[in-house]
Amino acid sequence: MEITNGGTVTTTRPYSVVNDYGMSLGDGTNGAGTVNISNGGTLAITDNFLLVGMVREGTLNIGNGGTVNADRGVHLGGTLISLSNNGTSNGTVNVADGGELNTAELILGVHSDSSGVVTVTGTGRINADTVSVGSNGDGSLTLSGGAVLRATTDVRAERPNGISDNFGQTGRIVVSGAGSAIEAPRVDVSNELLVEGGAAIRSTTATIKDSYANTRTNATLTGAGSNWTNSGAMRA
């Protein structure tokens, strides 16, 4: 699907347990779903979730002034309503060139056999209440070239849902280049954090914690101007 040149797609199905999404990309067991939003196009998911990679492959590209507003959340690699699926599900979101994603909850890698990858470049922006990089599956978040992610509550790597915590999941965060930044009251990192080339993290509380993966957690800040400014307690 292409949404461009000021076009708008709006879904209005209200959320319920049996109606747990307004739009699902990659919903079929043998296919893939892609939506491209650009040139002032808008995708609005009203009072429900946007699922990217529900069963198989889902891709959401937001660029060149495109906007996505998902009232309840954006889930990559499944949905919290059903923590099992029929196979590997992978969700990819790319935000670039003035594109903007606005949502309450952003989760990368919902299912234990899934992955969620978010890449934000240049003047791309993400505004969310809470961000989970790796839930029961693997998550990867990369910001570069001046991209900014702002969360009103937290950005947390490897935050599982359900009875068990340990699915061997990974949460990888990379912030690269001058002007690129993560801004949130709470930032928890695990598995891998790389802040380089003048990029920044700005937080109030922070934790560098053990990874569920069979690797130690590596947190690296490198390059002139790269910084993590935390105004409260920081734990490692």
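Cut-off values and rules
- Residues numbered from 1 in each chain as written.
- Predicted model: local features only at pLDDT ≥ 70, side-chain atom pairs only at ≥ 80, totals over all residues.
- Heavy atoms only, no water.
- Helix = DSSP H or I, 4+ residues; strand = E, 2+ residues; numbered from the N terminus.
- Polar contact = N/O pair within 3.5 Å; in protein donor to acceptor, adjacent residues only side chain to side chain.
- Contact = heavy atoms within 4.5 Å.
- Phe/Tyr/Trp six-rings, centres within 6.5 Å; stacked < 30°, edge-to-face > 60°.
- Buried < 20%, exposed > 50% of the residue type's maximum accessible area, 1.4 Å probe, protein only.
- pLDDT = per-residue confidence, 0-100.
- Pairing = 2+ DSSP bridges.

### As for the side chain of Glu-183
Consideration 1: Along the chain, Glu-183 falls in strand β17 (residues 181-183).
Consideration 2: In this structure the side chain of Glu-183 is engaged in a polar contact, spanning 2.9 Å, whose partner is the side chain of Arg-150.
Consideration 3: Polar side-chain contacts of Glu-183 include one of 2.7 Å to the side chain of Arg-202.
Consideration 4: With sequence-adjacent residues up to four places away left out, Glu-183 is seen in contact with Leu-149, Arg-150, Ala-151 and Arg-202.

### Considerations on the packing of aromatic side chains
Consideration 1: This structure, assessed with the given rule, holds one aromatic pair.
Consideration 2: For the ring pair Tyr-15 and Phe-49, a centre distance of 5.6 Å and an interplane angle of 75° mean the geometry is edge-to-face. Separated by 34 residues along the polypeptide, Tyr-15 in the loop between β2 (8-11) and β3 (23-25) and Phe-49 in strand β6 (residues 49-52) bring together distant segments of the chain.
Consideration 3: Residue Tyr-15 is classed as partly exposed on the basis of its relative accessible area of 26%.

### Section: the confidence of the model for the chain
Consideration 1: Per-residue pLDDT for the chain averages 91, and the proportion of residues at 70 or more is 92%.
Consideration 2: A low-confidence stretch, residues 81-86 (pLDDT under 50), is modelled with 15 contacts involving residues beyond four sequence positions or located in other chains.

### Thoughts on the sheet that holds strand β4 (residues 32-37)
Consideration 1: Ordered by their spatial adjacency, nine strands build an open sheet running β1-β4-β7-β10-β12-β14-β16-β19-β22, and the pairing between neighbours is parallel. Of all strands in the sheet, those bounded by a partner on one side alone are β1 (2-3) and β22 (218-222).
Consideration 2: Bridge count for strand β14 (residues 138-144) against strand β16 (residues 171-176) is six bridges, and the pairing is parallel. Note on β16: the bridge partner recorded for Ser-144 is Ser-176.

### Here we look at the environment of Ser-176
Consideration 1: Looking at where Ser-176 falls in the secondary structure, it is placed in strand β16.
Consideration 2: Judged by its relative accessible area of 18%, Ser-176 is buried.
Consideration 3: Residues Ser-176 and Asn-61 lie 115 residues apart in sequence; the distance between their C-alpha atoms is 20 Å.
Consideration 4: Apart from residues no more than four positions distant in its own chain, Ser-176 is found in contact with Leu-143, Ser-144, Gly-145, Glu-196 and Ala-199.

### Examining the pairing of strand β13 (residues 125-133)
Consideration 1: Bridging between strand β11 (residues 100-108) and β13 involves eight bridges; their strand directions are parallel. Residue Thr-103 lies in a different strand from β13, and its bridge partner there is Ala-128.

### Observations concerning unusual backbone geometry
Consideration 1: The phi dihedral of Asn-39 falls on the positive side, at around 50°, and the residue is not glycine.
Consideration 2: Within the fold, Asn-39 resides in the loop between β4 and β5 (42-45).
Consideration 3: Under the relative-accessibility criterion, Asn-39 is labelled partly exposed at 37%.

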